[in-house]
Amino acid sequence: MNNDLTLYTISVFSENHVGLLTQLSNIFTRRCINIESVTASACSVPNIHKITLTCRSTAEMMDKVIKQIEKRIDVIRAFCYVDSELVYQEIALYKISTAKMLAENHVESIIRNFGARIIEITPEYTVIEKTGHNDETEALFLELKRYDIKQFVRSGRVAITRSPIEHVDEYLARRQFMKPEQS
């Protein structure tokens, strides 16, 4: 991995249209930038969805990417952030053998020490949930590996800015103010 690259979080606001994720992916592919995570959901603005992507790149390349993203007709606005500008989390689920967990009496203390929780127990498996930053969910994964992890999945990043305002709200308000009145 190139240490000169910074982890960026890109927030893309759009209407919920088919094919936008493919268009966004193509923008990154053409520039040989790997998308590390993707999440999408409705946001605080009615009828608007937010796609959050993370990738490692340079500031100059991210400026170009944001400009290309904003050229997409379905995109209302795109923003690029570094970690210090965001509050962010991810969720991870771990499925381990219940028999192995019961045989090892210190698994419960590992779960507690990592701030995780058990969300389902069956005779065959136990599902553990951990919310946190990538390094925290990865550390718990490494700790649980010796307890026969059957499945593991981690979500993409969900993030909100540290700014007191939602930047897309400000942009939409300016755009609405600048529209000429229709007769």
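Since we're looking at a predicted model, the values are computed, not measured.

Scanning the protein for helices and strands turns up six helices and nine strands. On the principal axes, the C-alpha backbone points of the protein span a range of 75 × 40 × 30 Å. A total of 183 residues make up the protein; the buried ones form 36% of that total. Within the protein, counting contacts between residues at least 6 apart in sequence, those at least 24 apart form 76% of the total.

Counting 17 residues, the largest nonpolar core has Ile10, Val12, Phe28, Met62 and Ile69 as its most contacted members. Among all residues touching isoleucine 69, those that are not within four sequence positions of it are Ile10, Val12, Leu24, Ile27, Phe28, Val75 and Ala78.

Turning to the pattern of salt bridges, a few remarks are in order. In a structure, side chains of opposite charge can pair up when their charged atoms sit close to one another. Tallying each qualifying case throughout the model produces nine salt bridges. Between glutamate 108 and arginine 112 there is a salt bridge, with the nearest N and O atoms lying 2.9 Å from each other. Remark: arginine 112 and glutamate 108 occur in helix α4 (residues 107-113); sequence separation between them is four residues, near one turn of the helix. Glutamate 108 sits in the exposed class, given a relative accessible area of 53%. For glutamate 143, the salt bridge is made with arginine 146, and the minimal N-O distance between the two is 2.3 Å. Classification of glutamate 143 as partly exposed rests on a relative accessible area of 27%. Where salt bridges share partners, they join Glu90, Glu138 and Arg154 into one cluster.

Turning our attention to the sheet that holds strand β1 (residues 6-14). Sheet architecture is open: four strands sit in the order β2-β3-β1-β4, paired in antiparallel fashion. With partners counted over all chains shown, the strands left at the sheet margins are β2 (35-42) and β4 (75-81), one partner each. The average undirected angle you get between the axes of adjacent strands in this sheet is 15°. Pairing of β1 with β4, which is carried by six bridges, proceeds in the antiparallel orientation. Within the sheet, the bridge partner assigned to serine 14 lies in β4 and is valine 75.

Attention shifts here to unusual backbone geometry. Phi is positive for cysteine 32, close to 55°, though the residue is something other than glycine. Mapped onto the elements, cysteine 32 comes out in the loop between α1 (20-30) and β2. Judged by relative accessible area, which is 74%, cysteine 32 ranks as exposed.

Taken as a whole, the largest pocket spans an internal volume of roughly 310 Å³. For the largest pocket, the lining is made up of 17 residues, of which Leu7, Glu36, Glu90, Asn134 and Arg157 are closest to its centre. Going through the elements one at a time, β2, β3 (49-57), β5 (86-97) and α5 (134-144) are the ones with two or more residues in the lining of the largest pocket. Of the residues forming the lining of the largest pocket, the biggest block, three residues, is contributed by β5.

This next bit is on the packing of aromatic side chains. By the definition in use, this model includes four aromatic pairs. Geometrically, the ring pair formed by tyrosine 94 and phenylalanine 152 is tilted, given 5.1 Å between the ring centres and 40° between the ring planes. Here tyrosine 94 is found in strand β5, whereas its partner phenylalanine 152 is found in strand β8 (residues 149-154), with 58 residues between them in sequence. Look at tyrosine 94 and you get buried, because its relative accessible area is 0%. Residue phenylalanine 152 is classed as partly exposed on the basis of its relative accessible area, which comes to 29%. Among the aromatic side chains, those forming a connected cluster through ring pairs are Phe13, Phe79 and Tyr81. The residue whose ring lies beneath lysine 95 is tyrosine 125, and the NZ or CZ to ring-centre distance is 4.3 Å. The ring centre of tyrosine 88 lies 3.7 Å from the NZ or CZ of arginine 157, which sits over that ring.

Parameters and conventions
- Residues numbered from 1 in each chain as written.
- Predicted model: local features only at pLDDT ≥ 70, side-chain atom pairs only at ≥ 80, totals over all residues.
- Heavy atoms only, no water.
- Helix = DSSP H or I, 4+ residues; strand = E, 2+ residues; numbered from the N terminus.
- Buried < 20%, exposed > 50% of the residue type's maximum accessible area, 1.4 Å probe, protein only.
- Contact = heavy atoms within 4.5 Å.
- Core = buried A, V, L, I, M, F, W, Y, C linked by side-chain atoms within 4.5 Å.
- Salt bridge = Lys/Arg side-chain N within 4 Å of Asp/Glu carboxyl O.
- Pairing = 2+ DSSP bridges.
- Axes fitted to C-alpha atoms, helices over the stretch in contact; angles between N-to-C directions.
- 1 Å grid on protein atoms, 1.4 Å probe; cavity = no way out; pocket = protein on both sides within 12 Å on 5 of 7 lines; lining within 4 Å.
- Points joined across faces, edges and corners; volume = space filled by probe spheres on them.
- Phe/Tyr/Trp six-rings, centres within 6.5 Å; stacked < 30°, edge-to-face > 60°.
- Lys NZ or Arg CZ within 6 Å of the ring centre and 35° of its normal.

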